[in-house]
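Take a look at the letters that make up each chain.
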Amino acid sequence: MSNHMDVQKENGYDAWLHYPRSSHAENRPAWCNVIVVTGGDEVLQTAANELQRGLTSMFGQQPKINDVPVDVPFIALGTFKDHPLVAERFSAEEQADVNAEGYRIRGTEMINPAQSASYDAIKEPYVTVAGQTAPGVLYGVFHLLRWLQGRLDGELPLQATSKSSESSDGPFLDVLSNPVNPIRMINHWDNMDGSVERGYAGASIFYENNALTKNMDRLRDYARLLASVGIQSLSINNVNVHQVETELITDKYLSDVARLAAIFRAYGIQIYLSINYASPMQLGGLTTADPLDPGVAEWWRTKAREVYAAVPDLGGFVVKADSENRPGPFSYGRHHADGANMLADALQPYGGRIIWRCFVYDCKQDWRDRKTDRARAAFDHFKPLDGLFRDNVILQIKNGPMDFQVREPVSPLFGALQATQVLLEFQITQEYTGQQRHLCYLVPQWKEVLDFDTYAQGKGSTIKRIVSGSLGSNGSPASPSSTKYTNYGIAAVTNIGADTNWTGHLLAQSNLYGYGRLAWDPELSADEIADEWVRLTFGGHRNRSYTGNSKHLVPAIKKMLLDSWNIYESYTAPLGVGWMVSPGHHYGPDVDGYEYSMWGTYHFADCRGIGVDRTTTTGTGYVGQYCSPQADIYESTETCPDELLLFFHHVPYTHVLHSGQTVIQHIYDTHFEGAERAANLRDTWVSLRDHLDEAIYAQVLERLEHQTEHAQEWRDRINTYFYRKSGIADQKNRPIY
């Protein structure tokens, strides 16, 4: 257990795991006094230690950890196959309902072991947390701790027992939870010099000065945070692999990689390495990296043997190839399946996976070219290869066709690939959504993506079914026991760094928490997740007086979160057109910043109108990559949703939206309203001051003050640009410059 000063805790270090002392501690459930866990499995011991830590913090009394049942109420932790007391609590059918990383929790009555096993014996309550595997038990422990904290804030009865539940013989707690997505992954874009590409929360927690960090406690605490929301995979270095990071697969650094793997292994997390496709040339002295060259294939087989000797449970490699000047198979006239399959064959004997990113496009486009469309690129490159990839290759696809904009459509590549395993890629770090200086809770955006229906195999072919593997060939579910079923899921670029509170903006922790919870269960609502996070984060010692009038704290902060994405969108790029940011660092307004660049990120605004024509009739044809009826909806301005109009169509400023406003008036109105609503976020926070810890209050206020000012800058820059372009005045005669 890491030791941290109180000041660190009060600055957000413990995040949602600070386990506040209960004002009802004297009503501690009797079963919180003893934890019974059998076996020496490392992850099970992690689970027992975490439960002990949480209960001690919440109730002020440390429970004992035993390896045999006792004659008092207790909590039993274990797997069905290794813990007889656990197994006997659940029928064979109930056990079979739990998948490899799922869990069951049951609070029930037990026969007092000190008495005879007769029906007249004294009964005592106890709780069982069970799984098929140790990680499942660990996830169950975090669920139990969340459940307990839900009762500590006074919203639910603390002392839940069968006597106050449905019947005298029924359980007072009965939970079955299985992760929907087999892979629930975090991607780090950390470099070994300590920098983090698109990082907004300080330096890397993994590396400094081209070496592994010496702060192992911080890494363990990070593993706790990830495991608490069900993350089970982690890539530990940037996909843009530079020279030093290329050497992570060599003897120079493999012992360090093994140390990292050991830390995360204790929390059920498997690590991955991002690799340089040209490693045979840069490390091995070969003259080629051609995937069909036998010498290249042999080099990778040898390298895989070395890597897995050092880290036997390495998840595999993450690969960015032929993208943004990274090397890849295109240099040799080969395609992506050639490159991915060669690497997959090298890793196959060890159970390793190749995660191959689909972020591939022409980054040297001529801005004069109105037909070449970056949005088309991923589909055009990978759809023809559907079905050609090995079983241990997974294609990682960004949620939209461009690059994590505040608003863009769902990538049509998901519906197009019907014989290839896929990972959905989100971005938790706020590259284009305020860089953790603005509040922008992204779970509502992710929910829209997951709920999007591709119609690829008829109605109900949603993204969440595709990426979970539950939508198999011809619409039938894939078998959970099949190898391919495990090669689906979600990955996300993390938002953490070495800042004390992990995410720079304390409220940005909600995105890391929300991602993990949503990856586990995509049916959770953005509201439910926000409610959980606020209660876990602002309960107890961070809340000075969680009684009486301060009860509005949770709904007030939750509303701030739930409104924030729409607020951010309203004062930045309008109607789905995207970008309009300063080149390079991507922060702040610059409407024409990328308009004449080689990156394919255009809005085509002129004196008459704005937007990109991506229709099949007169435009780039991108719309045709979707299945009907989505393609039909996007093709026409009559049916295209307002929020995506400028992504799919070039229209006059006087075009009337479904809302009844013209495009130009919508731009003016949303930017004035958005800046005002950003100021309201600050004002709401100020109103909560008396109910918040002073340090927590101050650090969030500083960010919200900046957001208020910066939203005004966005408002004035965008509105002035379009007023000068169009010559059309604001109907409400507000200040535009």
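Look a little higher up for the structure.
Everything numeric here is computed off the predicted structure, so don't read it as measured data. (Residues numbered from 1 in each chain as written. Predicted model: local features only at pLDDT ≥ 70, side-chain atom pairs only at ≥ 80, totals over all residues. Heavy atoms only, no water.)

(A) Highlighting the overall build of the protein. Looking only at helices and strands, one finds 22 helices and 18 strands in the protein. Taken against the 2.2 N^0.38 rule, which gives 27 Å for 737 residues, the C-alpha radius of gyration of the protein at 27 Å falls within 12% of a compact globule. Residues classed as buried in the protein amount to 63% of the 737 residues present. Each charge class in the protein can be summarised by its mean position, and for the 65 positive and 88 negative side chains these summaries are 1 Å apart. (Helix = DSSP H or I, 4+ residues; strand = E, 2+ residues; numbered from the N terminus. Rg over C-alpha atoms; globule rule 2.2 N^0.38 Å. Buried < 20%, exposed > 50% of the residue type's maximum accessible area, 1.4 Å probe, protein only. Lys, Arg positive; Asp, Glu negative; His and termini not counted. Charge placed at Lys NZ, Arg CZ, Asp CG, Glu CD.)

(B) Geometry of the packing of aromatic side chains. Evaluated as defined, the whole model comprises 37 aromatic pairs. For the pair Phe80 and Phe90, a centre-to-centre distance of 5.8 Å together with 80 degrees between the ring planes defines the contact as edge-to-face. Highlighted residues: Phe80 in the loop between strand S3 (75-79) and helix H3 (84-87) and Phe90 in the loop between H3 and helix H4 (92-96), separated in sequence by 10 residues. Exposure class is identical for Phe80 and Phe90. Each is buried. Ring geometry for Tyr622 versus Phe648: centroids 6.0 Å apart, planes at 25 degrees, classification stacked. Of the two residues, Tyr622 sits in the loop between strand S17 (609-610) and helix H19 (630-635) while Phe648 sits in helix H20 (residues 645-648), which places them 26 residues apart along the sequence. Like Tyr622, the residue Phe648 is buried in the burial classification. One aromatic cluster is present, built from ring pairs that chain together Tyr13, Phe206, Tyr207, Tyr222, Phe264 and Trp502. Sitting over the face of the ring of Phe604, Arg370 holds its NZ or CZ atom 3.7 Å from the ring centroid. (Phe/Tyr/Trp six-rings, centres within 6.5 Å; stacked < 30°, edge-to-face > 60°. Lys NZ or Arg CZ within 6 Å of the ring centre and 35° of its normal.)

(C) Structural detail: empty space enclosed by the protein. For the structure on display, the rule yields 10 cavities of 30 Å³ or more. In this structure, the largest cavity spans a volume of roughly 120 Å³. If you list the elements that add at least two residues to the lining of the largest cavity, you get helix H12 (377-382) and strand S14 (393-398). Top element by residues in the lining of the largest cavity is S14. It accounts for 3 residues. Looking at the lining of the largest cavity residue by residue, the class counts come to 9 nonpolar, 3 polar and 2 charged. (1 Å grid on protein atoms, 1.4 Å probe; cavity = no way out; pocket = protein on both sides within 12 Å on 5 of 7 lines; lining within 4 Å. Points joined across faces, edges and corners; volume = space filled by probe spheres on them. Nonpolar A, V, L, I, M, F, W, Y, C, P; charged D, E, K, R; others polar.)

(D) Structural detail: the nonpolar core. One finds Leu77, Phe538, Trp685 and Phe722 to be the most contacted residues of the largest nonpolar core, which totals 204 residues. Residue contacts for Phe722: discarding those within four places in its chain leaves Met580, Val591, Ala605, Ile610, Tyr653, Ile664, Ile667, Tyr668 and Gly727. Listed in part, the 12 residues of the second largest apolar core include Val34, Phe74, Leu85 and Tyr126. (Core = buried A, V, L, I, M, F, W, Y, C linked by side-chain atoms within 4.5 Å. Contact = heavy atoms within 4.5 Å.)

(E) Spatial organisation of the side chain of Ser461. Along the chain, Ser461 falls in the loop between helix H14 (443-451) and helix H15 (463-468). Side-chain polar atoms of Ser461 contact the backbone nitrogen of Gln457, separated by 2.9 Å. Here Ser461 is in contact with Phe452, Asp453, Thr454, Tyr455, Ala456, Ile466 and Leu471, once residues within four sequence places are set aside. (Polar contact = N/O pair within 3.5 Å; in protein donor to acceptor, adjacent residues only side chain to side chain.)

(F) Highlighting the pattern of salt bridges. With the rule as written, the count across this model stands at 40 salt bridges. Of the charged contacts, one joins Arg224 and Glu50 as a salt bridge, the two residues approaching to 2.8 Å between their closest N and O atoms. With Arg224 in helix H6 (residues 216-228) and Glu50 in helix H2 (residues 42-59), the pair connects residues that are 174 residues apart, well separated along the chain. The exposure class of Glu50 is buried, given its relative accessible area of 3%. Measuring nitrogen to oxygen at the nearest pair gives 2.6 Å for the salt bridge that ties Asp563 to Lys559. Pair noted here: Asp563 and Lys559 are both in helix H18 (residues 553-570), with a separation of 4 residues, about one helical turn. Taking the relative accessible area as the measure of exposure, Asp563 reaches 22% and is therefore partly exposed. The structure contains a network of salt bridges with shared partners spanning Asp527, Asp531, Arg535 and Lys558. (Salt bridge = Lys/Arg side-chain N within 4 Å of Asp/Glu carboxyl O.)

(G) The arrangement of the pairing of S14 in detail. Most of S14 is tucked away, with 6 of its 6 residues classed as buried. Both faces of S14 are covered, namely the face carrying Val393, Leu395 and Ile397 and the face carrying Ile394, Gln396 and Lys398. Summarising the sheet, strand S13 (residues 353-357) and S14 pair through 4 bridges and their orientation is parallel. When the sheet's bridge partners are listed, Ile354 is paired in S14 with Val393. Taken together, S13, H12 and S14 form a β-α-β motif whose crossover is right-handed. In the sheet, S14 pairs with strand S15 (residues 422-427) via 4 bridges, with the strands oriented parallel. Each residue of the ladder has a partner; that of Gln396, found in S15, is Leu423. (Pairing = 2+ DSSP bridges. Right-handed = clockwise from strand over helix to strand, strands pointing away.)

(H) Geometry of the sheet that holds S15. The parallel closed barrel is built from 8 strands, whose spatial order is S7-S10-S11-S12-S13-S14-S15-S16. Neighbour to neighbour, the strand axes of the sheet diverge by 25 degrees on average, direction disregarded. In the sheet, strand S11 (residues 270-275) pairs with strand S12 (residues 316-319) via 4 bridges, with the strands oriented parallel. Considered in S12, the bridge of Leu273 is made with Phe317. (Axes fitted to C-alpha atoms, helices over the stretch in contact; angles between N-to-C directions.)

(I) View of the environment of Asp338. In this structure, Asp338 sits in helix H11 (residues 336-347). A relative accessible area of 19% means that Asp338 is categorised as buried. Residues Asp338 and Phe389, 51 residues apart in the sequence, show an inter-C-alpha distance of 8.3 Å. Apart from residues no more than four positions distant in its own chain, Asp338 is found in contact with Pro291 and Leu292.

(J) Layout of the packing of helix H10 (residues 294-310) against H11. Following both chains from N to C, one finds H10 and H11 inclined at 40 degrees, their axes separated by 8 Å at the closest point. By the angle between their axes, H10 is oblique relative to H11. H10 and H11 meet at a crossing whose hand is right-handed. For the pair H10 and H11, the contacting residues are Val296, Ala297, Trp300, Arg301, Ala304 and Tyr308 in the first and Met342, Leu343, Ala346 and Leu347 in the second. The class makeup of the residues in the contact of H10 with H11 is 9 nonpolar, no polar and 1 charged. (Parallel < 35°, antiparallel > 145°, perpendicular 65-115°, else oblique. Left-handed = near helix turned anticlockwise from the far one by under 90°.)

(K) Representation of the side chain of Lys398 in the model. Among the secondary structure elements, Lys398 is positioned in strand S14. Overall, the relative accessible area of 6% leaves Lys398 in the buried class. Reaching out from Lys398, the side chain makes a polar contact with the side chain of Asp403 at a distance of 2.6 Å. Look past the residues within four positions of Lys398 in its chain and what remains in contact with it is Arg357, Phe359, Asp403, Phe404, Ser411, Phe414 and Glu425.

(L) Representation of H6 in the model. For H6, with 13 residues, the first-to-last C-alpha span of 18 Å sits near the 18 Å given by 1.5 Å per residue. Extensive coverage of H6 is indicated by the burial of 11 of its 13 residues. Inspection of H6 places Met216, Arg218, Leu219, Asp221, Tyr222, Ala223, Arg224, Leu225, Leu226, Ala227 and Ser228 among the buried residues, and these make up the whole buried set. Looking one or two places after H6, you find Gly230, whose phi comes out positive at around 90 degrees. (Expected span 1.5 Å × (residues − 1).)

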